[in-house]
Amino acid sequence: MKRLLLFCVTACYGFTLQAQLLTWTPAFPKETDVVTITVDATKGNKGLLGFAGNVYVHIGAITNLSTSPSNWLHAPFTWGSVETAALATTAGTNKWSFTVANPRSFFGLAAGEELRSIAVLFRTGNCTNCQAQRNADGSDMYVPIYKNTLAVRIDQPAKQPKYIPVPEPQTWSIGSNFTVTAVASTASYIKLFHNSTTPFAVLDNTTTLTAVSVVTNAGNQQIIAEAYNGLVATYDTINVFVAGSGSPVASLPAQVRDGINYEVGDTSAILVLRAPGKNTVTVIGEFNNWTPGTADIMNKTPDGKFFWLRVTGLEPGKEYAYQYLVDGSLKIADPYTEKVLDPSDGFISSSTYPNLKPYPAGQTGILSVLQTAAPVYNWDITDFNRSDKKGLVIYELLLRDFVTAHDWKTLTDSISYLKTLGINAIELMPVNEFEGNESWGYNPSFYFAPDKYYGTKNAFKTFIDSCHKNGIAVIMDIALNHSFGQSPMVQLYWDSANNRPAADNPWFNPIAKHPYNVGYDMNHSSVDTKYFFGRVVEHWLKEYKIDGYRFDLSKGFTQNNYCTTSNCNSSTEVTNWSAYDASRVGLWKAYYDTVQNKSNGSYVILEHLSVNQEEKELADYGMLFWGNLNYNYSEASMGYVNNSNFSWGIHTTRGWANPHVVTYMESHDEERIVYKNINYGAASGSYSIKDSTTALKRMELNAAFLFTIPGPKMLWQFGELGYPYSINTCTDGSINNDCRLANKPIRWDYLGDARRKSVYNTYSQLIHLRFHPWYKNLFLSGTISQNVEAPVKWIQVISGDSSKVFVVGNFDITQRTVSVTLPTQGNWFDYLENKIFTATGAVQSITLQPGEFHVFLNRNVNNVATTPVINVPWTGTSLEAKAYPNPFSSTVTIEVTIPQASTLDMEIYNIWGQPVKNTGQRFLAKGVHQLEIKGLFIPDGLYYIKLQTKTSTKTIPVTIQ
């Protein structure tokens, strides 16, 4: 191998340093040095290229106490702030510097705390989404801190200043000459090696050695610098892969598709990457010790669209981390991987994710994981019968803010609470891998991998299986309108000059086409995007048996360009975007068909919020729509009745044929109503909605006018307990718009607050009414009449099977008398009060106190006694029983019919089937008897009373409140 040795003077070395993204003086900074850090915005992601304003630093310490390189400690400045102390100085065109005098003092390190790196970003100021100079892949930059020992570093080829530095992308080929520069912390004997144990350059008693070598063979080019001071030797190594003549051409094997394809025998897998227009792709991973050879170059299909490689010699059941090296420069994870490894995985506890595979030392970026013969989950429920979508009562939750452990196991343990509440569906905010750990999940990066912050994939499956055992569907919220920078599909086609997806990206638009976009906008007109959509929805429907999706920002699924300004948020742009879009309608009909083809009967819920014409057409096609009534219900609850008309939550008001609007008072996106009641509620005399007790009671009033309207409903987590914290509550208890995504207090202790338990009980009773056999059809397709605009509102719903509901409530802050006409004359039953109301069949007056409401039923579902029945002769042949009032607080009467004289045993069980009280045995004659039970002294909730004679058994549900 021919090599040319070339020694450079210090000036040459200085020039090579200036060509780096990040440079610093001194060359080997220590904890107490004066360290000056300089950034070059013509390199990396070019986030500040051409920026003319003030530049600030965001800076932190990586110490021995950091759990990962992303765990910055002792950061002195707030992100986006314009503190003078954070101001960088201009160091030339597109360059800025910042000096840290004595890093140990600057960061305030404690005794025994060891500084290992300075993490730094250069950014604009006075911003939230700041422009920032980073590495080319958007990652953080680091300055290593050295000890008083010999150190050597390769500075050319230039490196990306990651926590573990890696070479900048190179375009070497066979025959390329390249320069290597090594520097040592003290004068040393320096050697340079290139794929050999024989050095190609040596120099003694120097701190700098520069030489030139040449690429003679394809494959990995390993370059090693050695420094020896007569006592110890130290090394630095970099690897650059050269593909040589290019990829071998071969057609895809039969029956394989994008991602990981496991083969029979569990010792091999075929990896497939869709990367049209790329030249070469190489697989690097633990199976080749992260050092690729020519055998690791993927085959390229004749059409140039796919790359594939069969990986052999795998150990069954073993996890292997890997990446794709694209065109010798870009490292990405597999977009279809079902598990990723991240440098920040150190934040995830072993209790959340037991035996999590450690992130491999020496690697950078997100890694894919493949595993043959992975542990199989054995489903108990394989044929879950999904509820009619018109009757869904959905509980939306963010796992992070619902249970402190933020894991699937604890959420599974909470299913009984939700079942008792009565809901029949849980909507999970996004749980596929997203950037960072604590997030709402709308910053997705990998669509096939459940985020490890919530636990293992089989723990997630256990949760879904448990929901199905309890009759509860699982709906997955997913953001397929956009992705963020960690997405390999974003990185694969990236325009670094403009810091956005490249024009040839098969999946993403360079510039968003619609307002309110976040991340990078997907191009849903692309065949590649449509294929990806189908694979994503298929994965969760089949592999995890979920029951449907709520699609975030579905109105953004359009290639019509609604952006006429750079910010794209003007009222005109928003109005135009919300208008009828025929192409968007056609796309969503095709996507709906895709979902149904993957799993017929799956729910599709769109966060569309567009013009009614478009929503109606798609609703008639079978889709459900978020119906945001937060403003109207908030105004009603706060007592501002002029703006409290919530008729838009009624499908007939919209002119829809079916009740496909998912109406809600609160969601993850909306302010909490109890918070608004307490802070902004109206008052009159002694009646004040700002009083917390009154604020909570108004939620019961609201609920009566939400859950009794036909069609699907949704409630936000802890809304059933009157959650009073603002959506913008910060972790320190303050309220700030920047804290919308911050962790919120988890208040299971509210169950011990009688006022809040009353809210829960009302929600529960109203939800359970929706599924009562006598009223179920009414809430699916009943005919509704209403006046929900006036201060005293009423709703009347009638079904074809003669069931009727009449709801009336006073939303004003003063007493009101209203004239109403119930549908029929005679006894009506006050469902929540367990009382009889006599209707005249004509107009009659009802006087209601502020906040008072009633839910009247024409059928006696609570078994309210209308006349006493004692020892009435009876000729039945089976044991029968009913309870009234039900729910009850202290005393309940059990009316039991005995077919023949017998000893009767009564025992009370909780919802988990555990006995809590035995009321003893008694001998009863044949006939009807009333048995009173009181003084139970057991917690409120749903219970079951089991009655048993020598020949029969009967179980009835009762609710204690």
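None of these values were measured; they are calculated from a predicted model.

Details of the sheet that holds strand 41 (residues 804–810)
Okay, so step 1: Taken in spatial order, the 6 strands line up as 39-40-41-46-43-44 in an open sheet, and their pairing is antiparallel. Looking at the sheet topology across the chains shown, the edges are occupied by strand 39 (783–787) and strand 44 (835–839). Strand-to-strand twist across the sheet, computed as the mean angle between neighbouring axes with direction ignored, equals 25 degrees.
Okay, so step 2: Pairing geometry for strand 43 (residues 826–830) and strand 44, over 5 bridges, is antiparallel. Along strand 44, the bridge assignment pairs Phe829 with Ile836.

Points about the packing of aromatic side chains
Okay, so step 1: In total, this model carries 53 aromatic pairs according to the counting rule given.
Okay, so step 2: Measuring from centroid to centroid gives 6.0 Å for Phe718 and Tyr723, while their planes differ by 25 degrees, and the two rings are stacked.
Okay, so step 3: Overall, Phe718 belongs to the buried group, its relative accessible area being 2%.
Okay, so step 4: Aromatic ring contacts, followed pair by pair, group Tyr395, Phe402, Tyr417, Phe718, Tyr723, Tyr725, Trp748 and Tyr760 into a single cluster.
Okay, so step 5: Its end group placed over the ring of Phe28, Arg153 keeps NZ or CZ at 4.6 Å from the ring centre.

Some points on helix 12 (residues 630–638)
Okay, so step 1: In terms of burial, helix 12 is a largely internal element, 8 of the 9 residues being buried.
Okay, so step 2: Three or more residues of helix 12 are buried, namely Asn630, Asn632, Tyr633, Ser634, Glu635, Ala636, Ser637 and Met638.
Okay, so step 3: In the core, the buried residues of helix 12 are packed alongside strand 34 (624–628), strand 35 (661–664), helix 14 (673–680), helix 15 (692–704) and strand 40 (792–798).
Okay, so step 4: Positive backbone phi, at 95 degrees, marks Gly639, one or two positions downstream of helix 12.

Topic: the sheet that holds strand 26 (residues 425–428)
Okay, so step 1: The parallel closed barrel is built from 8 strands, whose spatial order is 25-26-27-32-33-34-35-38. Each strand axis lies, on average, 25 degrees off the axis of its neighbour in the sheet, ignoring direction.
Okay, so step 2: Direction of pairing for strand 33 (residues 603–606) relative to strand 34: parallel, over a ladder of 2 bridges. Paired with Leu606 across the bridge in strand 34 is Phe625.
Okay, so step 3: Against the sheet, helix 6 (residues 457–469) contacts strand 26 and strand 27 (473–478), and its axis sits at roughly 135 degrees relative to strand 27.

Some points on the side chain of Ser634
Okay, so step 1: With respect to the helices and strands, the residue Ser634 is situated in helix 12.
Okay, so step 2: Overall, Ser634 belongs to the buried group, its relative accessible area being 0%.
Okay, so step 3: Those residues in contact with Ser634, other than ones at most four positions away along the chain, are Ile673 and Lys676.

Re the packing of helix 14 against helix 15
Okay, so step 1: Interhelical geometry of helix 14 versus helix 15 gives an angle of 135 degrees and a closest axis separation of 9 Å. By the angle between their directions, the pair helix 14 and helix 15 is classed as oblique. Helix-helix and strand crossings are classified by hand; for helix 14 and helix 15 the assignment is right-handed. In contact with Ile673, Val674, Asn677 and Ile678 of helix 14, helix 15 contributes Ser692, Ala695, Leu696, Arg698, Met699 and Asn702.

A word on the pairing of strand 24 (residues 367–371)
Okay, so step 1: Most of strand 24 is tucked away, with 5 of its 5 residues classed as buried.
Okay, so step 2: The alternating pattern of strand 24 places Leu367, Val369 and Gln371 on one face and Ser368 and Leu370 on the opposite face, and all of these are buried.
Okay, so step 3: For strand 21 (residues 319–326) and strand 24, the ladder comprises 4 bridges, and the chain directions are antiparallel. Within strand 24, the position partnered with Ala321 by the bridge is Val369.
Okay, so step 4: Alignment of strand 23 (residues 340–341) against strand 24, held across 2 bridges, turns out to be antiparallel. Across the sheet, Val340 pairs through a bridge with Ser368, a residue of strand 24.

Cut-offs and rules
Residues numbered from 1 in each chain as written. Predicted model: local features only at pLDDT ≥ 70, side-chain atom pairs only at ≥ 80, totals over all residues. Heavy atoms only, no water. Pairing = 2+ DSSP bridges. Helix = DSSP H or I, 4+ residues; strand = E, 2+ residues; numbered from the N terminus. Axes fitted to C-alpha atoms, helices over the stretch in contact; angles between N-to-C directions. Phe/Tyr/Trp six-rings, centres within 6.5 Å; stacked < 30°, edge-to-face > 60°. Buried < 20%, exposed > 50% of the residue type's maximum accessible area, 1.4 Å probe, protein only. Lys NZ or Arg CZ within 6 Å of the ring centre and 35° of its normal. Contact = heavy atoms within 4.5 Å. Parallel < 35°, antiparallel > 145°, perpendicular 65-115°, else oblique. Left-handed = near helix turned anticlockwise from the far one by under 90°.

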